[in-house]
Amino acid sequence: MIQDNLTIEERRIFYKKMNLSIDKTFSENADVRAVGRRELEQLRGKESNVPYFIAGSYEVEYYRKNNPSYAQKAIDEYENFIGSDPSLSSDPFLKRTVQILRDEIEGKGKNKI
């Protein structure tokens, strides 16, 4: 979780920055999406959920470009996130998301690379 010694104002600023970065990863513009991913990378380690949002940004990029390297990066980040908290290993949404991306890479998914 975010550092416990931060003031409410510091937390508000952090989460606002994180939210703006996440919003950029959904842009129609590929350069803006890349900026959003870089900004999220800079927040890595400052809040436990950041890898989840990085994974989501790579997943979005995969579906936009149909490039399996982005699907693999999303899988790696989701697994990083799951590994950070053992209770997440049984989360059905995360397990299904990772499986869908694996199926996409293997050509079994809807996008059939």
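Above: the structure in question.
Residues numbered from 1 in each chain as written. Predicted model: local features only at pLDDT ≥ 70, side-chain atom pairs only at ≥ 80, totals over all residues. Heavy atoms only, no water.

On to unusual backbone geometry. Phi is positive for Asn66, close to 55°, though the residue is something other than glycine. With respect to the element layout, Asn66 can be found in the loop between helix 3 (50–65) and helix 4 (68–83). Judged by relative accessible area, which is 33%, Asn66 ranks as partly exposed. (Helix = DSSP H or I, 4+ residues; strand = E, 2+ residues; numbered from the N terminus. Buried < 20%, exposed > 50% of the residue type's maximum accessible area, 1.4 Å probe, protein only.)

On to the nonpolar core. Within the largest apolar cluster, 21 residues are counted, with the highest numbers of intra-cluster contacts made by Met18, Leu40, Leu43, Val50, Tyr78, Leu94 and Leu101. No other element matches the seven residues that helix 4 contributes to this core. Not counting the four nearest positions on each side in its chain, Leu94 is found in contact with Tyr52, Tyr78, Phe81, Ile82 and Leu88. (Core = buried A, V, L, I, M, F, W, Y, C linked by side-chain atoms within 4.5 Å. Contact = heavy atoms within 4.5 Å.)

Right, let's talk about the pattern of salt bridges for a bit. Two side chains of opposite charge can pair, provided their charged atoms sit close to one another. Scanning the entire structure with this criterion turns up nine salt bridges. For Arg44, the salt bridge is made with Glu41, and the minimal N-O distance between the two is 3.0 Å. Residue classification places Glu41 among the partly exposed positions, given a relative accessible area of 31%. Put simply, Glu77 and Arg44 hold a salt bridge, and the shortest N to O gap is 2.7 Å. In this pair, Glu77 is assigned in helix 4 and Arg44 in the loop between helix 2 (30–43) and helix 3, connecting sequence segments 33 residues apart. A residue is classified by how much of its surface remains accessible, and Glu77, at 12% relative accessible area, is buried. In this structure, a network of salt bridges that share partners links the residues Arg33, Arg37, Glu61 and Lys65. (Salt bridge = Lys/Arg side-chain N within 4 Å of Asp/Glu carboxyl O.)

This part covers the environment of Asn19. The topology assignment puts Asn19 in helix 1 (residues 8–24). A relative accessible area of 43% places Asn19 in the partly exposed class.

Let us now look at the packing of aromatic side chains. Evaluated as defined, the whole model comprises six aromatic pairs. Geometrically, the ring pair formed by Tyr62 and Tyr63 is edge-to-face, given 4.9 Å between the ring centres and 65° between the ring planes. Residue Tyr62 is classed as buried on the basis of its relative accessible area, which comes to 0%. Assessed through its relative accessible area of 36%, Tyr63 is described here as partly exposed. (Phe/Tyr/Trp six-rings, centres within 6.5 Å; stacked < 30°, edge-to-face > 60°.)

Two elements in contact, helix 4 and helix 5 (residues 92–105), have axes separated by 9 Å at closest approach and are oriented at 155°. With respect to helix 5, the axis of helix 4 lies roughly antiparallel. The hand of the helix 4/helix 5 crossing is left-handed. Contact with helix 4, carried on its side by Pro68, Ala71, Gln72, Ala74, Ile75, Tyr78, Glu79, Phe81 and Ile82, involves Leu94, Thr97, Val98, Leu101, Arg102 and Ile105 of helix 5 and no other residues of that element. (Axes fitted to C-alpha atoms, helices over the stretch in contact; angles between N-to-C directions. Parallel < 35°, antiparallel > 145°, perpendicular 65-115°, else oblique. Left-handed = near helix turned anticlockwise from the far one by under 90°.)

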